[in-house]
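Now for the letters of each chain:
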Amino acid sequence: MTTSLPLSLIVNVQLNLQPNAPLRRNFGAVVLLTPEVAPFNSQGAVFLLFSTLQAIGTAFGTDSETYRAAVPFFAQTPRPRTIIVARWDAEGSTVPATAAALFGRPVTASVAQLAAIEEGTFTLPINDVPRTYTDIDLSGATTFAQIGTILDGVVTADGIGCRFDSSGTRFIIESRTPGTSIQLGFVTGSGSGYLGTLLGLDNVAPTYTIPGTEQQTIPAGTIPDALQGLSQVYQDWYAAVVVKSPLTDAEILSTANYIMGADRKLFGLTIMDPARISQAASNVIRQLYDQQAYRVAAHYDHTNPYAIVSFLARGLSVNFAGSNTTLTMKFKQLPTVSPMPLTETEAAACKALGVNYYSYFDTVPMVAEGTVIGGRFFDEVHILDWYCDAVQKNVFAVLYQSPNKVPLTDPGTHRLLRAIESASREGVTNGAFAPGIWNGDPFGTLETGDMLDQGFYIYADSVDTLSVSDRQERRAPPIQVALKLAGAIHSADVIVNFDR
């Protein structure tokens, strides 16, 4: 072949790969924090994801408190697609020892291909020491299960076993003794008799290993301990409900304080005791009201301790990427939750604290008033949490994905403003924001009483006004945003005039 020079000497083409922007948070992720820890049967297991009520019933039992708490979630429509069940070791627990295992991927080779091998071989690291098995005769096998039995006889002397998992159509090699005495790696080898690839046990996804672990005693912890543990391994949750009724005053206060200090989270609480809608200074809900604990969504119900789960499932079903998808929680229905007969005095007591209830108005059952503790509307808290996250991710993406740099100039600042504008326009599209009169303080060119024609206004001063220290720190000019929430109509006065 004639030797040639590369075209890159004349035309050099290089590809700049753009990093992926950080994903936005899931503001529909509901957590059931449960003290029923039996299904969390491995060390470090903190949460489980479920998309069906049947799956929760299988894991926890249909007579469990966790199942009972999940029923209102799955009965609601629309609702988020999945629910998170997280671990709360309220009384401490013991996690049994687990055996090391190598889980193969689904087998693509046929039984006939494997049975054609009479002198098979593979190498398996056991405690990081390679152990090679040779002269493996599979010629008598007619099923995958028989092949698993043959392999089991080959490896059994080393304290491990092999079996075929028919449900996963895969081979599994595992230690016969739970604990850390045996750890396993991926199968390796080469040659015509090499079995690792045919068995699906080599290091190719989705083949994976799990380590052997010793028995562990987990001490009792508080609800904030459990939520903190969940956040360390899964930050993408938004609203938490504790699977226990009733919670003590101390548990309610500690959980509310944790949520208020967390990064855009909510605490869902069902109130069953009439004393907790009173104005008494000793009432824990009144204390939350005084503390302006607006990240607590409470629902008053005499009979269903998990009515708040249905409330959250409906309220957090918003798809912010859609058109006119935002909602108010007033007027909504709560399937599986019985409307509660209330006196006007009880309804007024709930409204005074920002506690929701589900009752008949004339002959129609509905939620009122759709608020959080203190009286702010639930949808406003939800919307503003989403918007702040969207702005944060959009602005960061501009800085992170730029192949060179975003200059500290007015055009550079304008790139950040466009990112904020993009999130703001999403809010207009989904119905969160709308044109209206600005009643806040003036800033930039915006004056009190001005019309926000777009539903928002974004302002940043010139970089020429930055201090020397800000320029040295490469800090952009402060960016200010005015938003006009679209709100929702909750009541109306109608005056009827007539003439005889």
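Preceding block: the structure.
Description of the structure in this document. (Residues numbered from 1 in each chain as written. Predicted model: local features only at pLDDT ≥ 70, side-chain atom pairs only at ≥ 80, totals over all residues. Heavy atoms only, no water.)

**Describing the overall build of the chain**
Helix and strand counts for the chain come out as 13 helices and 20 strands. Rg of the C-alpha trace for the chain: 30 Å, well past the compact-globule value of 23 Å for 500 residues, more than 25% over. Counting only C-alpha atoms, the chain reaches 105 × 70 × 55 Å along its principal axes. For the chain, the residues scored as buried account for 45% of the 500 residues in total. Contacts in the chain between residues far apart in sequence, at least 24 positions, make up 69% of those at least 6 positions apart. (Helix = DSSP H or I, 4+ residues; strand = E, 2+ residues; numbered from the N terminus. Rg over C-alpha atoms; globule rule 2.2 N^0.38 Å. Buried < 20%, exposed > 50% of the residue type's maximum accessible area, 1.4 Å probe, protein only. Contact = heavy atoms within 4.5 Å.)

**A word on the nonpolar core**
One broad rule of soluble globular proteins: the nonpolar side chains tend to lie buried together. One finds L32, I56, I83, F311, L312, F378 and Y387 to be the most contacted residues of the largest nonpolar core, which totals 60 residues. With 41 residues, the next largest nonpolar core counts L230, F267, A349 and V355 among its residues. (Core = buried A, V, L, I, M, F, W, Y, C linked by side-chain atoms within 4.5 Å.)

**Thoughts on the pattern of salt bridges**
Applying the stated criterion to the full structure yields 18 salt bridges. We note a salt bridge from R25 to D263, for which the minimum N-O separation is 3.8 Å. In this pair, R25 is assigned in the segment before β1 (30-34) and D263 in the loop between α7 (249-261) and β13 (266-271), connecting sequence segments 238 residues apart. Residue R25 is classed as buried on the basis of its relative accessible area, which comes to 16%. D263 sits in the partly exposed class, given a relative accessible area of 45%. When the shortest N-O distance is used, the salt bridge between D89 and R87 registers 2.8 Å. By the burial criterion, D89 is buried, and R87 matches it. (Salt bridge = Lys/Arg side-chain N within 4 Å of Asp/Glu carboxyl O.)

**Considering the packing of aromatic side chains**
Counted according to the given criterion, the structure contains 19 aromatic pairs. Arranged with centres 5.1 Å apart and planes meeting at 75°, the rings of F27 and Y238 form a pair that is edge-to-face. In this pair, F27 sits in the segment before β1 while Y238 sits in the loop between α6 (223-233) and β12 (239-242), placing the two residues 211 residues apart along the sequence. Residues F27 and Y238 agree in their burial class; the two are buried. Among the aromatic residues, those joined into a ring-pair cluster are F320, W386, Y387 and F433. Of note, K265 hangs over the ring of W237, and the distance from its end group to the ring centre comes to 4.2 Å. A cation over an aromatic ring shows up here: R376 above the ring of Y294, its NZ or CZ 4.5 Å from the ring centre. (Phe/Tyr/Trp six-rings, centres within 6.5 Å; stacked < 30°, edge-to-face > 60°. Lys NZ or Arg CZ within 6 Å of the ring centre and 35° of its normal.)

**Digging into the environment of F27**
Residue F27 is classed as buried on the basis of its relative accessible area of 4%. Between the C-alpha atoms of F27 and D389, which are 362 residues apart in sequence, the distance is 9.6 Å. When sequence neighbours within four positions are dropped, the list of residues in contact with F27 reads Y238, R264, L316, F320, H382, D385, W386 and D389.

**Focus on a nonpolar patch on the surface**
A grouping of L5, L9, I10, V11 and V13 is seen on the molecular surface, where their side chains present a nonpolar patch of about 630 Å² in accessible area. With respect to the element layout, V11 can be found in the segment before β1. (Patch = residues over 30% accessible without salt bridge, like charges linked within 9 Å, V, L, I, M, F, W, Y side chains within 5 Å. Areas by Shrake-Rupley, 256 points an atom, 1.4 Å probe, with all protein chains shown as cover.)

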